Amino acid sequence: MSNGSDPAAVLAALDRAQDAFEIVGRGRTAFEDGISADEDWKTQLTKACRLLEVVDTLQSQDGYYTAVIEVCFGAIERSIEAYALAMTNDTLQDFQDHQFSYERAYQMGLFERETAEAMKDLYSENRTESYYGGGRPTQEQAEAMTDLASAVHQFAVSQIREGGVCLCD
């Protein structure tokens, strides 16, 4: 329990992390390759592409099932967000709640109600358990989530009118 004497290493790392997110006044910033800065939908789409690339990297290393599951949920959400931002008047601020992406997927007609609700339930029941719960993620779960994230991403990309943005092609 802290009594005002938190470790200096933690405090220094926290200061550095906070400063790192304050990009203004930092000179030349090195941004992640491949992430589009043109429009919000392109940013979200290319983030999804990069997350799927990370999934492939983790899968090739065997055994990082927790990380694969987490990253897959992120890729699914970024893909749905990209579609919403490209095809509607939604803004990034609309997507501050993880489960909103799944609700919005049905509202926009990207997926039928049952499919969107099943994805939302998968998130709320299993992502929470795999991340916060005592369960140990399995290879089968990681592989199934990889397939789902890839399928959602490919479908969302195919429904966006403007092509040529996806890095996965």
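Residues numbered from 1 in each chain as written. Predicted model: local features only at pLDDT ≥ 70, side-chain atom pairs only at ≥ 80, totals over all residues. Heavy atoms only, no water.

What follows concerns the side chain of H153. By secondary structure assignment, the location of H153 is in helix 6 (residues 139–159). Beyond its immediate sequence surroundings of up to four residues, H153 is in contact with L45, A48, C49, L52, S79, C166 and C168. (Helix = DSSP H or I, 4+ residues; strand = E, 2+ residues; numbered from the N terminus. Contact = heavy atoms within 4.5 Å.)

As a further point, take helix 6. With 21 residues, helix 6 ought to run about 30 Å at 1.5 Å a step, and its terminal C-alpha atoms sit 30 Å apart, in line with that. The set of residues buried in helix 6 consists of A142, M145, T146, A149, V152, H153, A156 and V157. Buried residues of helix 6, viewed axially, fall in a sector of 140°; they line one side. Among the exposed residues of helix 6, those pointing more than 90 degrees away from its buried face are E140, D147 and Q154. (Expected span 1.5 Å × (residues − 1). Buried < 20%, exposed > 50% of the residue type's maximum accessible area, 1.4 Å probe, protein only. Arc of directions from axis to C-beta.)

Formed by 35 residues in total, the largest nonpolar core has its most connected members in L45, I76, I80 and Y102. Of all the secondary-structure elements, those providing two or more residues to this core are helix 2 (40–61), helix 3 (65–87), helix 4 (100–107), helix 5 (113–132) and helix 6. Counting residues per element, this core draws most heavily on helix 3, which supplies twelve residues. Apart from the residues within four sequence positions on either side, I76 is in contact with Y102, M145, L148, A149 and V152. (Core = buried A, V, L, I, M, F, W, Y, C linked by side-chain atoms within 4.5 Å.)

A word on the environment of A142. Looking at the secondary structure, you find A142 in helix 6. It is 11 Å that separates the C-alpha atoms of A142 and D56, two residues lying 86 residues apart in sequence. Those residues within four positions of A142 in sequence are excluded, and the remaining contacts are Q59, Y65, V68 and I69.

For D62, which is not glycine, the phi torsion reads 60° and is therefore positive. Note on placement: D62 falls in the loop between helix 2 and helix 3. The exposure class assigned to D62 is exposed, which follows from its relative accessible area of 60%.

Shape is all these values report; function is a separate question.
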